[in-house]
Amino acid sequence: MEEEEERAEQEEDKEKREPAANGWEVGYRLFSINGRALGHGEPVRVRQGERVLFHILNASATENVKLALPGHRFLVVALDGNLVPTLKHVDVLRLGAAERIDAIVEMNHPGVWIFGTPRDDDRKNGMGVVVEYAGAGGDPQWVSPPRKSKWDYTIFGSSQPAQKTDQVIPMTFRKINGGKGGFNRWTINGKSYEDQSAPTKLQKGLRYRLALDNRTDDPHPLHLHRNVFELTNVDGRPTAGVKKDVVVIRGFGRVDIDFTADQPGLSLFHCHHQLHMDYGFMQLFDVV
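Residues numbered from 1 in each chain as written. Predicted model: local features only at pLDDT ≥ 70, side-chain atom pairs only at ≥ 80, totals over all residues. Heavy atoms only, no water.

### Quick word on the pattern of salt bridges
This model, assessed by the stated rule, comprises 18 salt bridges. Ionic pairing is found between Asp235 and Arg250, a salt bridge with its closest N-O pair at 2.9 Å. Pair noted here: Asp235 is in the loop between β15 (229-234) and β16 (237-244) and Arg250 is in the loop between β17 (246-249) and β18 (254-260), with a separation of 15 residues, a long-range link. Classification of Asp235 as buried rests on a relative accessible area of 18%. Note on Arg250: relative accessible area 21%, which makes it partly exposed. When salt bridges that share partners are traced, they join Asp80, Glu99, Arg100, Lys244 and Asp245 into one network. (Salt bridge = Lys/Arg side-chain N within 4 Å of Asp/Glu carboxyl O. Helix = DSSP H or I, 4+ residues; strand = E, 2+ residues; numbered from the N terminus. Buried < 20%, exposed > 50% of the residue type's maximum accessible area, 1.4 Å probe, protein only.)

### Brief notes about the sheet that holds strand β13 (residues 207-214)
Taken in spatial order, the six strands of this open sheet run β11-β10-β13-β18-β15-β16, and their pairing is mixed. Two strands lie at the open edges of the sheet, namely β11 (185-188) and β16, each paired on one side alone. Put simply, the sheet's adjacent strands are angled 20° from each other on average, direction ignored. Sheet topology places strand β10 (residues 167-176) next to β11; four bridges connect them, and they run antiparallel. In the strand pairing of β11, Arg174 is matched with Thr187. (Pairing = 2+ DSSP bridges. Axes fitted to C-alpha atoms, helices over the stretch in contact; angles between N-to-C directions.)

### Notes on the pairing of strand β2 (residues 51-57)
A regular strand places its side chains so that they alternate between the two faces of the sheet. On β2, burial follows the alternation: Val52, Phe54 and Ile56 on one face are buried, whereas Arg51, Leu53, His55 and Leu57 on the facing-out side are not. Pairing analysis gives seven bridges linking β2 to strand β7 (residues 100-106), with the strands arranged antiparallel. Bridge pairing in β7 links His55 to Asp102.

### What to know about the confidence of the model for the chain
Taken over all residues, the pLDDT of the chain has a mean of 93, while the share at 70 or more is 93%. Segment residues 14-20: pLDDT under 50, and five contacts once partners within four positions in sequence are set aside and those in other chains are kept. (pLDDT = per-residue confidence, 0-100. Contact = heavy atoms within 4.5 Å.)

### A short note on the packing of aromatic side chains
What the rule picks out here adds up to nine aromatic pairs. Look at Phe173 and Phe281: their rings are 4.9 Å apart centre to centre, the planes differ by 45°, and that puts the pair in the tilted class. One end of the pair, Phe173, is in strand β10; the other, Phe281, is in the loop between α3 (274-278) and β20 (282-287), with 108 residues separating them in the sequence. The exposure classification of Phe173 matches that of Phe281, with both residues buried. (Phe/Tyr/Trp six-rings, centres within 6.5 Å; stacked < 30°, edge-to-face > 60°.)

### Brief notes about the side chain of His270
Along the polypeptide, His270 turns up in strand β19 (residues 265-271). Since its relative accessible area comes to 2%, His270 is described here as buried. Side chain to side chain, His270 and His225 meet in a polar contact 3.1 Å long. Sequence-distant contacts of His270, that is, excluding residues within four places in its chain, are made with Pro221, Leu222, His223, His225, Met277, Phe281 and Met282. (Polar contact = N/O pair within 3.5 Å; in protein donor to acceptor, adjacent residues only side chain to side chain.)

### Structural notes on the environment of Ala103
Counting through the fold element by element, Ala103 comes out in strand β7. Overall, the relative accessible area of 0% leaves Ala103 in the buried class. Separated by 25 residues in sequence, Ala103 and Ala78 have C-alpha atoms that sit 7.1 Å apart. Look past the residues within four positions of Ala103 in its chain and what remains in contact with it is Val52, Leu53, Phe54, Phe74, Leu75, Val76 and Val77.

Here is the structure:
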């Protein structure tokens with residue numbers, strides 16, 4: 001599984017460097033953290049021995065991001081504002097569009113460091129912020145994180161069995177290539193949003209499982225409005241207790257999410273990549 005994830009990351013990095021052959025994509029020349037590109041604005045000032053809680057939001061409309069702080073590890077305590085059952089240290093944080101992470105860092109490696117993305121071009125174009133220890137000087141330093149830095153939702157879960165569901169709803173995602181000069185289109189169970197008929201009816205109080213099946217090579221940050229869902233299976237690995245409202249499904253990946261239909265009325269399910277949503281990647285649920 002780690003080899004598959006590494007290949008997927010390499011393909012994602014390649015796509016960022018080369019124009020997409022199957023349709024137009026959005027690209028960026030500049031990046032920022034808290035409204036400032038790397039090298040501009042004030043550093044994050046810390047003292048040795050402190051434990052600093054970072055509240056991190058990926059506010060991009062289209063970009064999934066990775067972040068690292070050389071010489072330090074992140075203790076992940078919450079995802080999308082929900083405490084995780086199992087606290088884990090990781091070297092790299094990964095956030096899809098609109099995902100949030102709360103992570104504690106022990107400041108035990110004095111110096112002046114760049115907290116930023118491991119992607120060199122994006123970091124040079126602004127995706128970073130300086131972390132400066134009291135009394136330290138010199139230019140900010142960057143060191144790439146370990147190559148096999150594990151990020152897997154299931155490491156934050158529990159071994160308890162997931163709650164029983166009343167109904168499973170399969171949802172298969174596919175891409176219609178836009179070709180040269182056009183944008184790709186996206187379908188859920190064979191239909192783009194504008195081709196879908198009435199919203200999918202859900203019965204209030206029942207617990208549902210959305211069985212998400214990504215038949216594309218793109219990772220998708222998926223969101224269900226007005227609901228918190230529980231991850232119960234990620235690429236064949238069962239888990240429980242990880243509660244979120246955005247989940248990234250990798251290219252050709254599968255994820256099961258469970259939720260109780262306790263929010264009456266319409267709720268929109270969609271990919272949080274704005275371009276994908278604009279071109280069909282949405283579906284309405286109606287809790288009655």
